[in-house]
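Here is how the chains run, residue by residue.
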Amino acid sequence: MQHLSKLFCFILILVFSGTGIRGLESDKDQDIVYSSVGRSTSRIEGGVRIVTLEEDVRVTQGTLSISGDRAVFRSEPDSSAISRVTVDGSPARYSQLLDEDGDFVEGESDAIYYYVEGEPIVEFVGSATLRSANNVLSCASIKYFTDSRFTETTGPCEGISTRATLAPATPSDNPAN
């Protein structure tokens, strides 16, 4: 009964706060939350604060989630503003909701670099795979720009797109005609 009361309170908070599930556009405005079950260390190196977490690491920001075996956070020593998170794993995994309709993107690789400043970028390095509802892309490395949803890749690459169709151009498609 106590579990149902907590669930009901959580649902009320979501309804009255008007936020519901936050999609991609608001994820970058959320706090970065992290956890691990192993040890952690911190140091200053070259004017950068470096914090390392080990064993069953999870990093979230809104609906964005990255998990793996070890995470290294780089931040400004004075403000502690995180500029980059590196997660290693076997494999390291990433997932994020794109919108309130449940569209998603997920991926995995040997290492994931999450660049926080500017347009957030998720970079997959080593046996990289990026999936959405209709596409799968596998490359040596993939850089995914979360706001624009563009990718840059390093091959070899292969992919599958279940909705992509190529049609010949019609005269109305060509403004020169």
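A short tour of the structure in this document, coming up. For clarity, every value in this text was computed on a predicted model and none was experimentally measured. (Residues numbered from 1 in each chain as written. Predicted model: local features only at pLDDT ≥ 70, side-chain atom pairs only at ≥ 80, totals over all residues. Heavy atoms only, no water.)

Membership of the largest hydrophobic core comes to 24 residues, with the highest contact counts inside it found for Val59, Tyr94 and Phe124. Once residues lying within four places of it in the same chain are set aside, the contact partners of Val59 are Ile32, Val33, Tyr34, Leu64, Ser65, Ile66, Ala71, Phe73, Val85 and Val87. (Core = buried A, V, L, I, M, F, W, Y, C linked by side-chain atoms within 4.5 Å. Buried < 20%, exposed > 50% of the residue type's maximum accessible area, 1.4 Å probe, protein only. Contact = heavy atoms within 4.5 Å.)

In this section: the pairing of strand β8 (residues 135–145). Relative to β8, strand β7 (residues 121–132) runs antiparallel, the two sharing nine bridges. Counted as the bridge partner of Arg131 is Val136 from β8. A loop of two residues connects β7 with β8, the two strands running antiparallel in sequence. What sits between β8 and strand β9 (residues 150–161) in their antiparallel hairpin is a turn of four residues, with Arg149 showing a positive phi close to 65°. (Pairing = 2+ DSSP bridges. Helix = DSSP H or I, 4+ residues; strand = E, 2+ residues; numbered from the N terminus.)

Looking now at unusual backbone geometry. Of all residues except glycine, most have a negative phi; of all peptide bonds, most are trans. Note the cis peptide between Ser90 and Pro91, where omega equals 0°. With respect to the helices and strands, Pro91 occurs in strand β5 (residues 82–97). In this structure, the amide linkage connecting Gly155 to the following residue, Pro156, adopts the cis form with an omega of 10°. Counting through the fold element by element, Pro156 comes out in strand β9. In this model, Ser80 sits at a positive phi of 65°, which is unusual for a non-glycine residue. By the secondary structure assignment, Ser80 is in the loop between β4 (64–75) and β5. Positioned with a positive phi, Arg149 is a non-glycine residue whose angle comes to about 65°. Following the sequence through the fold, Arg149 ends up in the loop between β8 and β9.

Applying the stated rule across the entire model yields four aromatic pairs. Taking 5.6 Å as the distance between ring centres and 70° as the angle between the ring planes, the aromatic pair formed by Tyr94 and Phe124 counts as edge-to-face. Of this pair, Tyr94 sits in strand β5 while Phe124 sits in strand β7, placing them 30 residues apart in sequence. One aromatic cluster in this structure is built from Tyr94, Phe124 and Tyr144. (Phe/Tyr/Trp six-rings, centres within 6.5 Å; stacked < 30°, edge-to-face > 60°.)

Remember, this is a structural readout, not a statement about activity or role.
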